[in-house]
Amino acid sequence: MNTQTRGILCALSGGILWGYSGTIGQYLFANYEISSEWLTTARMICAGVILLAFGLLKHMPIKAVWTDRTAAFRLVLFAVIGLMTVQLTYMKAIYYSNSATATALQYLGQALIMAVTCVQLMRLPTGREWMALVLAVGGVFLLSTRGNLHALALSPLALLWGLGAAVSLMLYTMIPKALIQKYGSIPITGFGMLIGGIALCVLTKSWSFFPKMDTTGWIYVGIIILFGTAAAFTLYLQGVSDVGGVTASLLACSEPVCATLITTVWLKTDLVFSDYIAFAMIIFMSVLLALPRRKNEHEE
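What you are looking at is a predicted structure, and each value in this text was computed from that prediction instead of being measured.

S.K.: Explain helix α2 (residues 36–57) here, please?
M.R.: Along an α-helix, a turn takes 3.6 residues, which lines up residues three or four apart on a common side. Taking 1.5 Å of rise per residue, 22 residues should cover 32 Å, and α2 covers 31 Å from first to last C-alpha, within 8% of that figure. Remark: His-59 follows α2 within two positions and exhibits a positive phi of approximately 60°.

What follows is the structure, given as structure tokens:
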């Protein structure tokens, strides 16, 4: 298998596993007395340990980031404000709505990244970026109201946590860029997961509401940790390394597609036609923003 094919398969698989794990989270919330705080804590700590162990096996310099105080501070900031927040808000959004809706709302973070980038570069959005913004706003409108201006289709908490997940995705994406370039994705993501999980555990006292589940429930928790977190991040980052961030981002759009299909087929979640239109608008928005810019769209 050549590098290009491997990268495509890895990035695509990472997105699919993310979408699948979100749906499993929805199943757990519906069938067991399990909190989003505990599930987020468990998946982050366990995935962090797995990723760091993987880094050690590959002889990566995982301790290097701690030799620089500024880098270490930025790593802790990324762990708490980026990773911890994006994981918790996403699970909360699933808890109050469903996996497909939460994933779609989280993907609005890409529009926020574009908006912040425009402010940083002191430029107006391009035509394609304006179109993406319109699609983002339209998608949120349809998800929130299903076309009825007089009532919300989503609960206020679902909308709040979903939009919080979008903001968190923006922070999670933008904060660690310099760290990953210098120290590698596996050490930064591994330590970020571990630190963020421990911080969340302390803040929410997750140990005090340990869930009671049968074997099936624990198997699903294991799938979220191993496949939906550790494997998904590793595969996606390998895809970025093999085919580049643009192609990997496009392939990762399999996440909302997968979440929607599995939510509908497996969990029989009640979705209406306007929901599918909203999902399609947000996925198209993601594709537009991930595509490379044409020459005439670059700044002078």
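More follows now that the structure is in view.
S.K.: Sorry, what's going on with the pattern of salt bridges here?
M.R.: Opposite charge on two side chains lets them pair, provided their charged atoms get close. The tally for this structure, following the rule as stated, stands at 5 salt bridges. Linking Asp-68 and Lys-182 is a salt bridge whose minimum nitrogen-to-oxygen distance equals 4.0 Å. Of this pair, Asp-68 sits in the loop between α2 and α3 (69–96) while Lys-182 sits in helix α8 (residues 177–183), placing them 114 residues apart in sequence. Relative accessible area serves as the criterion here: at 27%, Asp-68 is assigned to the partly exposed category. Residue class for Lys-182 comes out exposed when judged on its relative accessible area of 57%. Across the pair Glu-129 and Arg-123 runs a salt bridge, and its minimum N-O distance is 2.9 Å.

S.K.: Got a minute to help me understand the nonpolar core in this structure?
M.R.: Across soluble globular proteins, you tend to see nonpolar side chains buried next to one another. Counting 54 residues, the largest nonpolar core has Val-65, Leu-75, Leu-108, Leu-143 and Met-285 as its most contacted members. At 7 residues, α3 tops the list of elements feeding residues into this core. With 20 residues, the next largest nonpolar core counts Tyr-27, Phe-29, Ala-102 and Ile-223 among its residues.

S.K.: Help me understand a nonpolar patch on the surface in this model?
M.R.: Judged by side-chain polarity, Tyr-95, Tyr-96, Leu-157 and Leu-160 come together as a nonpolar surface patch covering roughly 380 Å² of accessible area. Those elements that provide at least two residues to the nonpolar patch are α3 and α7 (156–174). Structurally, the position occupied by Leu-157 is in helix α7. Take Leu-157: its relative accessible area is 39%, and that puts it in the partly exposed class.

S.K.: In this structure, what is going on with the environment of Ser-286? I would like to understand it.
M.R.: Structurally, Ser-286 can be placed in helix α13 (residues 273–290). Spatially, the C-alpha atom of Ser-286 lies 18 Å from that of Gly-164, the residues being 122 residues apart in sequence. Leaving out residues up to four positions away in the same chain, Ser-286 has contacts with Tyr-107, Gln-110 and Cys-253.

S.K.: It is not clear to me how the packing of aromatic side chains should be interpreted in this structure. Could you clarify?
M.R.: Aromatic ring pairs: the centre-centre distance and the angle between the two ring planes describe each pair. Applying the stated rule across the entire model yields 15 aromatic pairs. Ring geometry for Trp-18 against Tyr-236: centres 5.3 Å apart, planes inclined by 50°, an arrangement best described as tilted. Of this pair, Trp-18 sits in helix α1 (residues 3–31) while Tyr-236 sits in helix α10 (residues 215–243), placing them 218 residues apart in sequence. Owing to a relative accessible area of 13%, Trp-18 belongs among the buried residues under this scheme. Given a relative accessible area of 18%, Tyr-236 falls into the buried group. Taken together, a centroid distance of 5.4 Å and an interplanar angle of 90° make the contact between Trp-66 and Phe-191 edge-to-face. Taken together, the residues Trp-66 in the loop between α2 and α3 and Phe-191 in helix α9 (residues 185–204) connect sequence positions 125 residues apart.

Basis of the calculations
- Residues numbered from 1 in each chain as written.
- Predicted model: local features only at pLDDT ≥ 70, side-chain atom pairs only at ≥ 80, totals over all residues.
- Heavy atoms only, no water.
- Helix = DSSP H or I, 4+ residues; strand = E, 2+ residues; numbered from the N terminus.
- Expected span 1.5 Å × (residues − 1).
- Salt bridge = Lys/Arg side-chain N within 4 Å of Asp/Glu carboxyl O.
- Buried < 20%, exposed > 50% of the residue type's maximum accessible area, 1.4 Å probe, protein only.
- Core = buried A, V, L, I, M, F, W, Y, C linked by side-chain atoms within 4.5 Å.
- Patch = residues over 30% accessible without salt bridge, like charges linked within 9 Å, V, L, I, M, F, W, Y side chains within 5 Å.
- Areas by Shrake-Rupley, 256 points an atom, 1.4 Å probe, with all protein chains shown as cover.
- Contact = heavy atoms within 4.5 Å.
- Phe/Tyr/Trp six-rings, centres within 6.5 Å; stacked < 30°, edge-to-face > 60°.

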